[in-house]
Structures are given as C-alpha cells and as structure tokens.
Amino acid sequence: MSLQHYWFCFLAIQTREWRRFWQQRTRFVSALVRPLLWLMVFAAGFRAVLGVSIIPPYQTYITYETYIAPGLCAMIILFNSMQGALSMVYDRELGSMRVLLMSPLPRPFLLITKLLAMGVVSVGQVYIFLLIARLIDVEPPAWGYLAILPALAMTALMLGALGLLIATWIKQLENFAGVMNFVIFPMFFLSSALYPLWKMQEASPWLYWICQFNPFTHAVESIRFALYLQWDTEAYVTTTAVTVVLCALATAGFRPQRTRILGTRTGGN
Amino acid sequence: MTLEARGISFHYGRKRVLNDVSFTLADGRFHALLGPNGAGKSTLFGLLTRLLALQQGDILLGGVSLKRQPATAMHQIGVVFQQNALDLDLTVQQNLMYHAGLHGMSLKESRLRCARELERFELSERAGTPVRQLNGGHRRRVEIARALLHQPSILLLDEPSVGLDVPSRETLNRHVRQLCDDSGLTVLWATHLIEEVRPDDQILILHQGRLLADSDGHSLCRDKGTSSLAETFRTLTGEEVS
C-alpha cells in the first residue's frame, strides 16, 4: 500500500462524513443552538453574579460571555465527539462499520481517520459559533481565529478517541445514552469551561483538584490561550499527552467481537 | 485463487462456536456452505473477513496468511454480509465510491470501476438513487457490485438471500453463479436453504461448529447412500433442512 492509497482512503472517509453531516443538517443547527443558548441566555443571567477578575490570558476585566466562549467551543466539540461515537454504535448496528473495517489499510489508520473526519465537522461548527459570538461582543484578536486551529484539532481528536473508547465497550445504542450522562456532564461541569478554577478552589479544594485532573480543563485552556494569541504549555502538553494515550487505547482496544458488529449477538452463531 | 482454512477454532467466552474447522476453496469454483441457524457460519465469515480475530488456526489466501499479511490478503476478498451494510442515505454511486476510496483507489479509477460494475449489474440508471429507495433485490445487487469493485479473487456471501422473495433469490443465485463461470471468481455462498445448492457444487456442511462434509454434492450422496442433498443433510446433522 502506497501513500497514495492512504490519501485516497483518507479522502473517502472525510467525504462520507461530510455527506452524512449534510444529510443531517438539523444536527448542525442543534449543535449550535446549545452553546448559543449558554452564551446569550445563561451568560447574560450570570454576568452579574459571576464577576471575572483579570486572569491570564486576559489583560483587562472581561465580560462573562467572553470568559465562557472558549469553554463553549470545547463544549461543541465534546457533544459532537460523543454524538460521533454514538453514530459509530449506530453504524455498527447497521453494518456500515463493517465496510470501513474491511478496508485492507491498517485499522488504527482507519479509526483515527474517522475520528479526524468527525473532528473537522466539529471545528467547522466552532468557527461558525465564534462568528455569531462576535455579534455579541466576544471579539478576540483576528489572528486568534487561526491560532486556535491546532488546539481545536487536538481537542477534537482527544474527545473523539474518548468517544471511540467508550463506543468500543458499549454493546447497544440504548446503553450509550446512559453513559453520556456520566461522561459529558461531569467532564463539562468539572472543568474551567464555565468558571475560573480559582473560584472553584475558593468553593471547594477537592473539586478544584478534580477539575485540575480533568483533561477537558486543559483542552479548554489551550483554546482560551490560543484565542488570545498566548501559549499555555501545561495545557498543550497535557492535552497532547492525553490525546496520544486515548488514541492508542481506543485503536488498540477496538475489538469487533466485543460488539454486535457481525449483526448478531456475540455468542450467537 | 484458493482459500485455505486450517484448524480454526473459536469461542465466545466459554462457548465454543467453531471446532477445528479446516477446508480449502478451489480456485474459480462455486462453494456452498450449508448449515442450520446457529451452526457457526457467521462466525466463520467474521474470521474469514478479519472482523473477528483468529484465536486458533490460520487462513491462507493464495498462500498468504490473513494473520501475518492482512493487507495483502484482504485485498483479495470481496464480502456480502448477511445484513445490509450499505449507507441507506447515500446514493448507489456514493456507496460504491466510498468503498473504492477505502481500497485506496483514485477518483478517476473509482469512477471507471463504478461505471463498469453498475453496468454489469444493470444498475447504471439507478446510480443516483438513494439506496433507501431500492428494493431488497436491487440492494443486494449493489452490495455484490460493491464487493467486486476492487477486483477480488474470492467472493464471500453470508446468507445473501435472507429477506428476499423466491424469484429475487433465484435471480441472485443465478447471477453469482454466472460471475463464477465468466470471471473465474472463487465463491463461498453460505446458506441454510438447500434449494440454493446444486449437486455440482462443492458443499461444506457446518453443524454445531464442526465441519461434517467437504465434497461435491454427487459424491456426498453416493458416500452416504442417499438420493438427495436434503436427505444427506438430514443423515449428517439429524436436522430437517429448510
């Protein structure tokens, strides 16, 4: 197999993901409605309650909307990644996952490419969200939009790998919905997406430490710093390391026989 | 190309589903894998297609081990699964193009091969139709066209006629046999329906995870002293055939 083969395979998976996404346009709208509600309603309501002092990367007092915008970018990716993992369970039950796995190219390559394809869709949504956010005065520097790209890609890959890891162990679609509640919400609320960690530390030191260990916190911070053209080494290193580990675990641990990929229950015929 | 299965055993947890199964598919012949539901056919297909990892034994395609050189071996196999594996929301052409891409074909080559397969299966007019709008028979044809897109030497079909009416089943069976005759394709057709098997076929009978027979239909009947394949099947397995 030459590099060309890999490239055409990569393109095919990307194209299919976009086609599927285009056919499910309502998903695009709903994925944007959620963060916009947080930004326009929740943030407006809590602006007075949660004053945000000057903390890096900001150099002046900021509105609450400005503070939570990077967290909401990460939230879009989080929801999309989990929804993507859901679609992998769906694919598996319908059988299209079998088609992917029948490719002669190495399975880790196929799975990572699939995660990247899902990530590209998420990143597109983040950019549209940021453009709308600009209308309500969330105005990062223009170069910030470009600078966040690596952070967004890394976050998408990290969360996609997490979704794949979870999907590997989920046998049915119904079970997956339950797992969502144990992954998305804790991950989102126990992070710096909605409130700075120093505030959390004041309220509860042990919650603060949980937030510190949450890789989602670091993903949010890497996006936040990049958006304001600054570099947070700790956030980047942590996000990258967690991404590598999760990708390795997700691809190495992917075993079709754990699932109903043959269209029959395991232990069937 | 030949396919050789050597000493394959497989178990889900403590349940043994395949027990020391060995056989060889001869180059360019039509083989029927006959077995009742639960015989282990789908598991065997899972192993032949690498969707399940081999626990014991090996599978060789033209001498190439599926275990050691999966990429080379997989390129030689085309598969039609028991359940629909098409993306219903994509068109026939898009489904085929996706498969071509997964096999590393360029856009130009993909289009060429798609056009050729669509023509061969009389689906050219439906290239732009979403698969959801096709009937069962046409969907099966699309799946076979897709399986042959990368020009494999071996075609594996896992109960391809499930869910089809009798005329569609017969047409499909005839079509695949024609492919086998015309292009020298090695075919393994799994079924639990004896009416899909002919006495000239090389027949493998799988029952409770064991391979009970591997011979052509005439020899099987002669060896067992029976007058029909259905009777042979009954004698070997103790079960009535569908």
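Residues numbered from 1 in each chain as written. Chains lettered and ligands numbered in written order. Predicted model: local features only at pLDDT ≥ 70, side-chain atom pairs only at ≥ 80, totals over all residues. Heavy atoms only, no water.

Identification of chain B as ABC-2 type transport system ATP-binding protein from Marinobacter mobilis is taken from an unreviewed UniProt entry. Recorded in UniProt under Sequence similarities (unreviewed entry), the annotation for chain B is "Belongs to the ABC transporter superfamily." (UniProt positions renumbered as here; feature names shortened; annotations may be inferred.)

An unreviewed UniProt entry lists chain A under the name Transport permease protein, with Marinobacter mobilis given as the organism.

(A) Representation of the nonpolar core in the model. The biggest cluster of nonpolar side chains holds 109 residues, and the ones touching the most others in it are A:Phe129, A:Phe188, A:Phe216, B:Ile8 and B:Ile59. Looking at this core, the element that brings in the most residues is helix α3 (residues 64–94) of chain A, giving 14 residues. Of all hydrophobic cores here, the second largest spans 32 residues; its members include B:Leu88, B:Leu123, B:Ala127 and B:Val187. (Core = buried A, V, L, I, M, F, W, Y, C linked by side-chain atoms within 4.5 Å. Buried < 20%, exposed > 50% of the residue type's maximum accessible area, 1.4 Å probe, protein only. Helix = DSSP H or I, 4+ residues; strand = E, 2+ residues; numbered from the N terminus.)

(B) Molecular detail of helix α4 (residues 107–120) of chain B. Here α4(B) spans 20 Å end to end across 14 residues, near enough to the 20 Å set by a 1.5 Å rise per residue. Against the buried residues of α4(B) lie α3 (92–102) and α5 (136–148) of chain B. (Expected span 1.5 Å × (residues − 1). Contact = heavy atoms within 4.5 Å.)

(C) Focus on the environment of B:Asp20. All names here are of chain B. Tracing the backbone through its elements, the reader meets aspartate 20 in strand β2 (residues 15–25). In this structure the C-alpha to C-alpha distance between aspartate 20 and valine 92, which are 72 residues apart in sequence, comes to 40 Å. Ignoring any residue separated from it by four or fewer positions in sequence, one finds aspartate 20 in contact with Gly7, Ile8 and Ser9.

(D) The arrangement of the side chain of B:Ser106 in detail. Residue position: B:Ser106 is located in the loop between α3 and α4. Separated by 3.2 Å, the side chain of B:Ser106 and the backbone nitrogen of B:Glu109 make a polar contact. (Polar contact = N/O pair within 3.5 Å; in protein donor to acceptor, adjacent residues only side chain to side chain.)

(E) Focus on the packing of α5(B) against helix α6 (residues 166–183) of chain B. Residue and element names in this part refer to chain B. Here α5 crosses α6 at 20°, and the two axes come no closer than 11 Å. Compared by their axis directions, α5 and α6 come out roughly parallel. As α5 runs across α6, the sense of the crossing is right-handed. Residues Arg140, Ile144 and Leu148 of α5 form the contact with α6, whose participating residues are Leu172, Val176 and Leu179. When the residues that make up the contact of α5 with α6 are grouped by side-chain class, the tally is five nonpolar, no polar and one charged. (Axes fitted to C-alpha atoms, helices over the stretch in contact; angles between N-to-C directions. Parallel < 35°, antiparallel > 145°, perpendicular 65-115°, else oblique. Left-handed = near helix turned anticlockwise from the far one by under 90°. Nonpolar A, V, L, I, M, F, W, Y, C, P; charged D, E, K, R; others polar.)

(F) The UniProt feature "transmembrane region" (unreviewed entry) in chain A, seen in detail. Residues and elements named next belong to chain A. With numbering aligned to this structure, UniProt lists the feature "transmembrane region" (unreviewed entry) at residues 36–55, 67–90, 111–136, 142–167, 179–198 and 235–254. Secondary structure within residues 111–136 divides into 92% helix and 0% strand; the distance between the first and last C-alpha atoms comes to 38 Å. Measuring from the first to the last C-alpha atom of residues 142–167 gives 37 Å, for a span that is 92% helix and 0% strand.

(G) Broad picture of the domain arrangement of chain B. Residue and element names in this part refer to chain B. According to the domain assignment, chain B contains domain 1 (1–76 + 154–242) and domain 2 (86–151). Here the C-alpha centre of domain 2 lies 25 Å away from the C-alpha centre of domain 1. Taken together, the contact between domain 1 and domain 2 spans 13 residues of the former and ten residues of the latter. Together domain 1 and domain 2 conceal approximately 980 Å² of surface at their shared face, both sides included; 70% is due to carbon and sulfur atoms. Looking at the side of domain 1 facing domain 2, the largest losses of area belong to His75, His175 and Leu179, adding up to 42% of the total buried there. Our count for the contact surface shared by domain 1 and domain 2 stands at zero salt bridges. At the level of secondary structure, the elements contributing two or more residues to the side of domain 1 that touches domain 2 comprise β7 (154–158) and α6. Ranked by residues supplied to the side of domain 1 that touches domain 2, first place goes to α6 with five residues. Grouping the constituent residues of the side of domain 1 that touches domain 2 by class yields nine nonpolar, three polar and one charged. (Domains from an automatic or database assignment. Buried area = accessible area lost by both parts, 1.4 Å probe. Salt bridge = Lys/Arg side-chain N within 4 Å of Asp/Glu carboxyl O.)

(H) Molecular detail of the pairing of strand β8 (residues 186–191) of chain B. Residues and elements named next belong to chain B. With six of its six residues buried, β8 lies for the most part within the structure. The sheet contact formed by strand β3 (residues 30–34) and β8 spans five bridges and is parallel. Across the sheet, the residue bridging to phenylalanine 30 is valine 187, located in β8. The parallel pair β7 and β8 is bridged by α6, and the resulting crossover is right-handed. (Pairing = 2+ DSSP bridges. Right-handed = clockwise from strand over helix to strand, strands pointing away.)

(I) Local environment of α6(B). Residue and element names in this part refer to chain B. Over its 18 residues, α6 extends 26 Å from the first C-alpha to the last, a length consistent with the 26 Å expected when each residue adds 1.5 Å. Among the residues making up α6, those that are buried are Arg169, Leu172, Asn173, Val176, Arg177, Leu179 and Cys180. Take α6 and look down its axis: the buried residues cluster within an arc of 150°, on one side only. What points out from α6, more than 90 degrees from its buried face, is the exposed set Pro167, Asp181 and Asp182. In this structure, the buried side of α6 is in contact with β3, α4, α5, β7 and β8. (Arc of directions from axis to C-beta.)

(J) Spatial organisation of the interface of chain A and chain B. Of the residues lining the interface, 31 residues belong to chain A; the matching set on chain B comes to 37 residues. Counting each side, the surface lost to burial between chain A and chain B is near 3300 Å², with a carbon and sulfur contribution of 60%. At the boundary of chain A and chain B, one finds two salt bridges. Of the charged contacts, one joins A:Arg16 and B:Asp87 as a salt bridge, the two residues approaching to 2.8 Å between their closest N and O atoms. Between the two partners, chain A and chain B, sit five residue pairs in polar contact (both at pLDDT 80 or more). Elements represented by at least two residues in the side of chain A that touches chain B include exactly α1 (3–23), α3 and α4 (96–101) of chain A.

(K) Quick look at the sheet that holds β8(B). Residues and elements named next belong to chain B. On the basis of which strands lie adjacent, the open sheet formed by six strands has the order β6-β7-β8-β3-β9-β10 and mixed pairing. A strand with exactly one partner marks an edge of an open sheet, and here the two such strands are β6 (77–80) and β10 (210–216). Going across the sheet, the axis of each strand differs from the next one's by a mean of 15°, ignoring polarity. Inspection of the sheet shows β6 paired to β7 by four bridges, in the parallel sense. Looking at β7, one finds that glycine 78 is bridged to leucine 155. Of the strands in this sheet, β6 and β7 are in contact with α5, which crosses β6 at around 165°. Helix-sheet contacts for helix α8 (residues 229–237) involve β3, β9 (202–207) and β10, and the interaxial angle to β9 is about 35°.

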